[in-house]
Structures are given as structure tokens and as C-alpha cells.
Amino acid sequence: MDMLLFFILGLLVHFVFFGSIFDIYFTSPLVHGMTPQFTPLPPPAKRLVLFVADGLRADALYEFDENGNPRAPFIRNIIMHEGSWGISHTRVPTESRPGHVALIAGFYEDVSAVAKGWKENPVGFDSLINESKYTWSWGSPDILTMFAKGVGGDHIYTYSYDAESEDFGAHDVTKLDTWVFDHVKEFFHAARNNQSLFSKVNEEKIVFFLHLLGIDTNGHAHRPTSREYKDNIKVVDDGIKEIVSMLEHFYGNDGKTAFIFTSDHGMTDWGFHGAGHPSETLTPFVTWGAGIKYPQKVSVQKFDDAFLKEWKLENWKRQDIHQADVAPLMASLIGVPFPLNSVGILPIDYLNNTDLFRAESMFTNAMQILEQFKVKMTQKKEAILPFFFIPFKLLSESKQLNILRKARSYIKQRKYDEAVSLCKELIHLALKGLSYYHTYDRFFLGVNVVLGFVGWTSYASLLIIKSHSNLTRGVSKEVKKPSHLLACSFIALGVLVAFFLLIQDCPWTYYVYCLLPIPIWYAVLREFRVIQDFVLSLLTFPPSQLVARLFIFTLGIEVLVLSFFYRYTLTAGLVAFACWPFITQLRTRAKSISLSWIFFSLLLAVFPLMPVVGRKPDIFLVMGAGLLVLLLSLCVVTSLLKRKDHFINEELLLHLVQMLSIVLSMYVVYTTHDSLLKKQGLPLFNQIISWITLASSFVLPLLSPTSLFERLFSILLSSMSAYLLLSTGYEALFPLVLSCLMFVWIQVEQETLRQPSVSYKQKVTSLQFTCSPDITQFRQLYLDDVRRAFFLVFFLVTAFFGTGNIASINSFDLASVYCFLTVFSPFMMGALMMWKILIPFVLVMCAFEAVQLTTQLSSKRLFLMVLIISDIMALHFFFLVKDDGSWLDIGTSISHYVIVMSMTIVLVFLNGLAHLLTTKKLELCGKPKSHLI
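Quantities reported herein were computed from a predicted structural model and do not represent experimental measurements. (Residues numbered from 1 in each chain as written. Predicted model: local features only at pLDDT ≥ 70, side-chain atom pairs only at ≥ 80, totals over all residues. Heavy atoms only, no water.)

A. Fine view of the overall build of the chain. Counting its regular elements, the chain contains 35 helices and eight strands. By the burial criterion, 56% of the 933 residues in the chain qualify as buried. Sequence-distant contacts in the chain: of pairs separated by 6 or more residues, those separated by 24 or more amount to 80%. Working note: accessible area of the chain is about 39900 Å², and carbon and sulfur atoms make up 63% of it. (Helix = DSSP H or I, 4+ residues; strand = E, 2+ residues; numbered from the N terminus. Buried < 20%, exposed > 50% of the residue type's maximum accessible area, 1.4 Å probe, protein only. Contact = heavy atoms within 4.5 Å. Areas by Shrake-Rupley, 256 points an atom, 1.4 Å probe, with all protein chains shown as cover.)

Below you can see the structure in the form of C-alpha cells.
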């Protein structure tokens, strides 16, 4: 019962540690209470038309096709004769929601908002659409509702198709874009005959927003290098040409319409986005019309990349911007207040207006960002005791006033360039100050989380040393009750910390992070006698042996950490595993097992060297994996028939059903792939079979006998039937090779038992999983069990990263779920891909259950060691989290910590799932059988 309580508390502690990263790094950057700022001069445009081609890469738009013709001739003509162009640099995560928020609201949404959905606003924010007099928008319901819900008034009108139209398996997904163009044409046709609507569309400060999803959908379904993706760009180019011509005719060529064409994010060559690869972060930006500069011919560009020559645009001035800079540009063009939460810097080089207008617009931009800085500073100052508050010294109140006074003076003196330069300086300082106050508590919270981490790991280690090992046995038998002074000291410390947080009006989560280390460290220090005995036990070891083991353990942890950055580190580790029998007696004691261990270790070592899953899909490798599983099944059934005196009909039937499930999975994968290639969609029969197969994969193993070999093989067959449906290439072979190595590992661990207290070894084939193991058979932990725990963690990391880097969201391929659904459903698709990741994890955990059985070791004892190793890794990644550098580095460092913490938490649940899959037995008829070891 004490151990159960410990695991429950441990789970809660890890949830707190996991949640801390969101309070430290993922808090919302938004503040409220600012005064709207707008340029006090007449704007150049009455109306703005915003085209957003979802998922469009910059190179895909600007490049030439195979025949040497522009892929988007109308946009190319705009660049060369009517407007300005450049590249818009997006930020991680490169997803639709944060991309559109950056474009239209001007700020970079915190990553946690993405997890809250594509459907609605998780937090309130101001945007260009909200500031406009009227906005009409057409496109995806997932995007349009973000800017319409929660906005006061009735000035925003949205027109969207059904969510079911976003089908990756549809015959022609360009209809998502043609739907938008057709409905825009119908709208303006109706406006001619509707006086009320006609007067509205002729107002000033109005926005027309066209969201074009076809390119993104074709990219996911067919990849950006496909004919479908490239043809869709031509469809969009033609559609924009028609809309522009229609609008100019509708408004009588009044020259008061500004046009912007861009994208929310790009896409990798394998059809995904979310991370920071240049193909995802480089998006096109083309603008023309009222208030926009005409093309500028230049002989020298300030960019040294090879894009200009590839695109044959080296003579037309390229002006790159950040994605958030688009919002202040649009606000300046139509004369609405800059979005209150915008952090974008107005790209004045795009503006074709007077120097006065440019300077005033820049001044407005500086005032708008400075307002955010002031509100943020005031909020932080009011929440902290005066003698603890440290202001941002680079932008004091006197410096703010001085810069504003100088800038205003320069504008009056018509020194516009100097005024613009001062405003830019003020903006950069204000943005630094915003970041300073936004991360003000980061160090304080980080110290408390680290204290909790170290304390928890220390306590778990002490629990192992005290209760599950013989390291302190015989050193000291005296038991002392903990001092009352110690307890009172920690209680007083807790009260003091709580009072300190209370008077500063801190969020409730701060109490959790700051108070949690106190009881943990009290539990550690009350075991002072155990610590003392452990130190004395270590002193009995030869120093060289102690240092060598500590070095090997540290090296092992570093290899695991490095594997998160470099997948080939796993290959090096598996090669080292293959050499392990040569430095032990295993090679001479069990030659066939040693050879099997070496072979499968080296075979598994190949997978981390392969490209990330999804980049090179190959349906024939999936078919090959299915055939290998069927061949292996036939061999196993034949072996069981020979070995058993009587092979129960139910057992034989179960094996045949599972083999049939493999055949059906192969059929579904092949026919679905063929159907989608022919653009005939996902067959309903295939979809039904896929979901039935997935559901049955949880039940069928429970019908098999609980003998170790048969139950594990049944789990493999059921897992493979589901995994094949989720595979697109070589990764289909991965669980099969991993399972073979796991079975050899079980035999290897049994062979390595050489402790005197361990009873005789049974054959692996005769062992049975049981729900109620005989605790008298369990032994104490030995140093060799640290190696077993390390092996498990290494195999878990290999299961995670063996076929891709899940720290990068763009490693996933949506084609993996096409056997189950093709209509866009982010959470369902995400759940299916997460289960694909967890299947190898489950196979390893089931093998771990068998290792505990063969080595006569309590699962709780060995599992404790695994948690300690995982926590040391998590602490390592906590220190590696970055808040500066490239956005790719920042996002990757945070995701590494989240993955390790998730792995630690999920490990607890999967341990229970593995125990259920290996020990439970369902009986369809008759009385349940009893299974004994």
C-alpha cells in the first residue's frame, strides 16, 4: 500500500513538473488595457483585399515550371510591373492558427494556444478585422471563426464551406479555392442589386479576406513536389487575377484598393509543417495597389542566398519582412488603429506615400508597442513588493519621454529619416522590455522546479537503497525517529513561502511550484541515517571500480540525451549493445542467444540511419513487412503444434484470426493507396475494417494463453495489424525487428542471472504471466539491475526515435492515417499518429514485464530505477531549454523537455497497460483457467 501511495504521489509530482514548463515558457504574451493608436493622416486606401494561400511555400510560387514558364504568371507580372515583393519569415510553430494570428493580429501566439484548437480563440485579442469598419471573409470554417467569435458588433461577415469538404482523399481539392472565388463573385454581383450591401462595400476602412485552403490540402495529400500541388498554385493565380479584375471594374478603377497576397506557413517536401525548416518558415509576400511602391529595379541585393537567381528576380528589389509586420502594414494602408497586441514593425519601405506619412506611421507603431510595455511594466510592478522589483533599465520613463520628444521634434523639423530611426530604436527597446517583464519570474520558478526535481530524484533513490537493495544492510541497524525540530523548521519555511507569495498576489500555480519542494526535501532529510549508511557502503568499494561505474552510468545518460538531437547516436548505442556479449560470459554460456542478440541489435541499428518516416513513402515495404509477419506466424504455429501434445482449437483459431487480420490490413493499405492515387477517396469498406482492426488489437491478445511466448507473440500480431494500417514505408518493419530483439533480451536477461539468492531458472517457454505473482520469489536489487533499467530506457527512446524525430512535429506524415480518415480532423489524426508512436513503446513495456518475470524481480523495484533515469534526463533537458537563438532551437529545446516528461508520465500508464495485456485472460466460454508459474 505504501508503494502504491508513493506511485500516486510520484505521478502527481510529475504532472506538476510537466505543467511547470507551460507556466515558465508558454504563458500568454497578451496584455490588456492599452489605448488604440492610429496614424493621424488620411490613408492611401479605402479597402484592403487579403489573399492567404494556406500552406504555400515561397519557392513553389516564385519558381519556374518544367517548361521555363512562371508557375504563377499573374503574380509574376505584379512583381515586375505593379507592386513590391519579398519573403515573409514565419515563426515556430508553423501551423495555420498561429500563422493567421501573426498576419492579422500582429503577434506570435504562445504555443499552448495551438493545443486548445483551431476552432475558437482560447484568449481574447485585438486584430485588424476587429478594428475594421466592415470585414467580409470566405474560406475554411476553422480559420474564419477565429476572428469572428467573441468580437463585439455585427461588422464581421463570414462565408465558409462545410468542414467535411476538407477531405485529403477527394478527387479534386482545388474546389476549396474555386468555391471561395465563385462566392466572392456572387457576393459582388449581389451587391449591385442590394442598396444596403452596396453602401457597405463602398465604405472606407473595410477588409475582404480570402482564405485559400486547396494548396495546403493538396500538399498534405500529395506533397508539395506533386503535380496536384503545383497545378493548384496555377488555379489560385488565375482566381486572384479574376478577382482583382472584377474588383477594379466594380470600384471603377478608383485606385483606392490595396492588395496583399501571402501564406500562413510553408510545407516540407514530405507534406507536413509545424517545425522550423526553411521550407516551412519561408512564405511569399506580394503586395500592390493603393499606397504600395511600384517595382524597383536594382543591380545589387542585400540577400546572399541563391533564391534570387533560381527565381530570376535578381533585378527586382526584394524586401523581406517578419510575419507579424503584415498587420501594421495593413492597418497603415486603410487607416485603422494598429492591433493593440501587435508586436510587428511597420515595413515602411513598402509604402508609396509622403515622408511625413511614413514618419507618422512609424511614430504610431512605436507608441502602440510602447503602450504594451507600459501596461506590462505596471502589472508586474503592482504584483511585486517594491524592494524586490527590478525595472527594465534600458527603457526608463525619462528615456521614453526623451525619445518621443525628439521623434516629434524631428517630424516638425521635417527630418523624417531621423524620426523613423528613433522610432525604430524605441520599438526595439520596448520589445526587449516586453520580453523582460514577460519572463520576469522565469528564473525564480526555474529554481523551485529544479529543487523539486532534485529532491524527488533523491527521495526515490533513497527509497530503493533503503527498501529494495542490500547496500546499507549490516552497516547500521539503529532506527531513529525524525527530529521534531526538523519538522517544525520545514513547516515554518512553508508558512514563510506561502506568506511571501500571498502578499505578491501570485497565481495559485506558483504556490504549487514553490511549496512542493519543501515536503519532498523534508522526506529526504528525515532519511539522514540511510544517506549516512549508503555513503559508508560506497566507501567499501574500490575507488577505481566506483569511478568506472559512475563514468559508464553518466556516459549512458549522455548518450540518451544526445539521441534526442542526433538519431544516429541510437545506432552507436545499439552497436555497443551488440558488442556487450563479448565482454561478458554470455558469449560462451549461450552462444546461439548471443548470436541472435548481436544480429537483431545490428539490424535494429539500421533504422535510426534511415530518413525520417514519410519523406520517401513505399507501399511495397509495408506489404513486405506484412508478408514477413505472416511467415513468422506460420513458423510459430508450426512450432507450437509440434511442441504441444494437444493444441487447443480456440488457440489455433485465435492465431488464424490474427493472421487474417494481418492479411486484411495489407489489403486495406494497398487498396486505399490505389484508390487515393486514382482520386476516388477512401473506400467505406476499408475505413470500417481499419477501425475494427484497431479496436480488436486491444482485445485479441487477452484471448490468448498466458504463457510468456504465446502471449507476447499474440500482442505482436495484434499490434502489427494496427501498425501496418498506420505505415507508409520502411517503418512497418520496425516493430517486427524490435520485437525480435525484445524476445532475445528476455532470454539474455535470464541467462545473466548469477546471484546466489536467485532460484533455479526455468525455460522461457514454460513461464507464465500471472496476475498475482508470488512475492516470496522476489529478490533484492543488485548493481546489474541498473543496467537492466538502462536497457529499458534505451529501448524506449529507440522506440520513440527509431523511425523519426518526434521532437519535430514535421516528422509526421498525415498519409499514415488515410486508412482511417481523410477528412481533416486535427485531434483525431493526432490521436491516431500518437498511437502509432506508442505501439513500439507498448511492445517494449510488455517485454519488460517478461524480463521482470524471468529475473524474479518486483516490477515496482525495477520501475523505480527507470523513473529515476528518466527524471535525470528530464532535469538535463530542463537546463537545456532555451529562450534565445533561432526559433527552431527554442522550440526543439522545449519539446525535448516535454517529451521526456510525457514519457515519464505515460510510462506509468503504459506499465499498467502492459501488465493488463500480459496477465489478463478473457474466456469466451467455459470456466476460467488458472495459470501458475
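There's more to say after this.
B. Expanded view of the state of the cysteines. Under the criterion given, the structure shown has zero disulfides. Cys 514 provides the cysteine sulfur closest to Cys 506, a residue in no disulfide bond, and the two sulfurs are 7.3 Å apart. Since its relative accessible area comes to 18%, Cys 506 is described here as buried. (Disulfide = S-S within 2.5 Å.)

C. Structural detail: helix H10 (residues 214–222). Taken across its nine residues, H10 has eight buried, putting it largely inside the fold. Listed as buried for H10 are Gly 214, Ile 215, Asp 216, Thr 217, Asn 218, Gly 219, His 220 and Ala 221. Turning to H10, the residues buried within the fold contact strand E1 (47–53), helix H8 (175–192), strand E5 (206–212) and helix H11 (227–250). Of the residues flanking the end of H10, it is Arg 223, one or two places downstream, whose phi is positive at about 80°.

D. Structural context of the sheet that holds strand E7 (residues 282–289). Strand order in the open sheet formed by eight strands is E4-E3-E5-E1-E6-E7-E2-E8, and the pairing between neighbours is mixed. Among the strands making up the open sheet, the edge pair consists of strand E4 (156–160) and strand E8 (321–322). Direction of pairing for strand E2 (residues 83–89) relative to E7: antiparallel, over a ladder of seven bridges. Paired with Ser 88 across the strands is Thr 283, a residue of E7. (Pairing = 2+ DSSP bridges.)

E. Representation of the nonpolar core within the structure. In terms of nonpolar packing, the biggest core is built from 157 residues, with Trp 597, Phe 795 and Met 845 touching the most fellow members. Ranked by residues supplied to this core, first place goes to helix H33 (residues 826–854) with 18 residues. For Met 845, the contacting residues outside a window of four places in its chain are Leu 792, Leu 796, Phe 863, Leu 907, Leu 910, Asn 911 and Ala 914. Grouped together as the second largest cluster of nonpolar side chains are 69 residues, Ile 292, Leu 329, Val 336 and Ala 407 included. (Core = buried A, V, L, I, M, F, W, Y, C linked by side-chain atoms within 4.5 Å.)

F. Fine view of the pattern of salt bridges. Following the criterion strictly, the structure yields 22 salt bridges and no others. We note a salt bridge from Lys 133 to Glu 203, for which the minimum N-O separation is 3.1 Å. Of this pair, Lys 133 sits in the loop between helix H6 (128–131) and strand E3 (134–139) while Glu 203 sits in the loop between helix H9 (195–201) and E5, placing them 70 residues apart in sequence. Exposure remark for Lys 133: the relative accessible area of 42% places this residue in the partly exposed category. Linking Asp 320 and Arg 318 is a salt bridge whose minimum nitrogen-to-oxygen distance equals 2.9 Å. Relative accessible area serves as the criterion here: at 3%, Arg 318 is assigned to the buried category. Through salt bridges with shared partners, a single ionic network connects Glu 66, Arg 227, Lys 230 and Asp 231. (Salt bridge = Lys/Arg side-chain N within 4 Å of Asp/Glu carboxyl O.)

G. Representation of the packing of aromatic side chains. In this structure the tally under the stated criterion is 65 aromatic pairs. Seen in terms of ring centroids, Trp 138 and Tyr 159 are 5.7 Å apart; in terms of plane orientation they differ by 15°. Their pairing is stacked. Taken together, the residues Trp 138 in strand E3 and Tyr 159 in strand E4 connect sequence positions 21 residues apart. The class of Trp 138 is buried, set by a relative accessible area of 1%. Residue Tyr 159 is classed as partly exposed on the basis of its relative accessible area of 32%. Taking 5.0 Å as the distance between ring centres and 70° as the angle between the ring planes, the aromatic pair formed by Phe 188 and Phe 250 counts as edge-to-face. Of this pair, Phe 188 sits in helix H8 while Phe 250 sits in helix H11, and the two are 62 residues apart along the sequence. (Phe/Tyr/Trp six-rings, centres within 6.5 Å; stacked < 30°, edge-to-face > 60°.)

H. Expanded view of unusual backbone geometry. The phi torsion at Arg 414 lies on the positive side, around 65°, for a residue other than glycine. Take Arg 414: it is sitting in the loop between helix H16 (397–412) and helix H17 (416–438). Exposure remark for Arg 414: the relative accessible area of 66% places this residue in the exposed category. The phi angle at Asp 505 is positive, at roughly 55°, despite the residue not being glycine. Take Asp 505: it is sitting in the loop between helix H19 (484–503) and helix H20 (508–515). Residue classification places Asp 505 among the exposed positions, given a relative accessible area of 68%.

I. Examining the environment of Val 668 more closely. Within the secondary structure, Val 668 sits in helix H28 (residues 649–677). Its relative accessible area of 0% is what places Val 668 among the buried residues. Taking the C-alpha atoms as reference points, Val 668 and Leu 724, separated by 56 residues in sequence, lie 9.4 Å from one another. Beyond its immediate sequence surroundings of up to four residues, Val 668 is in contact with Asn 686, Ile 689, Ser 690, Leu 725 and Cys 819.

J. Structural view of the packing of helix H30 (residues 708–725) against H33. Following both chains from N to C, one finds H30 and H33 inclined at 175°, their axes separated by 10 Å at the closest point. By the criterion of interaxial angle, the relationship of H30 to H33 is roughly antiparallel. On H33, the residues that touch Leu 708, Leu 712, Ile 715, Leu 716, Ser 719, Ala 722 and Tyr 723 of H30 are Lys 836, Ile 839, Pro 840, Leu 843, Cys 846, Ala 847, Ala 850, Leu 853 and Thr 854. (Axes fitted to C-alpha atoms, helices over the stretch in contact; angles between N-to-C directions. Parallel < 35°, antiparallel > 145°, perpendicular 65-115°, else oblique.)

K. Structural context of helix H3 (residues 73–81). All of the buried residues in H3 are Phe 74, Ile 75, Arg 76, Ile 78 and Ile 79. Turning to H3, the residues buried within the fold contact helix H2 (58–62), E2, H11, strand E6 (257–262), E7 and helix H13 (307–311).

L. Just the side chain of Arg 711, in detail. Examined against the element boundaries, Arg 711 turns out to sit in helix H30. When residues no more than four places from it in sequence are discounted, the contact partners of Arg 711 are Pro 701, Leu 702, Ser 704, Pro 705, Thr 706, Phe 769, Leu 916, Leu 917, Thr 918, Thr 919, Lys 920 and Lys 921.

M. Looking closely at the pairing of E5. Among the seven residues that make up E5, seven are buried, leaving the element largely enclosed by the rest of the structure. One ladder, built from seven bridges, connects E1 with E5; its direction is parallel. Counted as the bridge partner of Leu 48 is Val 207 from E5. Bridge count for E3 against E5 is five bridges, and the pairing is parallel. Pairing of Tyr 134 across the sheet is with Ile 206, part of E5.

N. Just the environment of Ile 689, in detail. Counting through the fold element by element, Ile 689 comes out in helix H29 (residues 684–696). Residue classification places Ile 689 among the buried residues on the basis of a relative accessible area of 14%. Apart from residues lying up to four places away in sequence, Ile 689 is in contact with Leu 664 and Val 668.

O. Representation of the packing of H3 against H11 within the structure. Two elements in contact, H3 and H11, have axes separated by 7 Å at closest approach and are oriented at 60°. The orientation of H3 with respect to H11, classified from their angle, is oblique. Where H3 approaches H11, its residues Pro 73, Phe 74 and Ile 75 are matched on the opposing element by Lys 234, Asp 237, Ile 240, Lys 241 and Val 244. Tallied by class, residues from the contact of H3 with H11 come to five nonpolar, no polar and three charged. (Nonpolar A, V, L, I, M, F, W, Y, C, P; charged D, E, K, R; others polar.)

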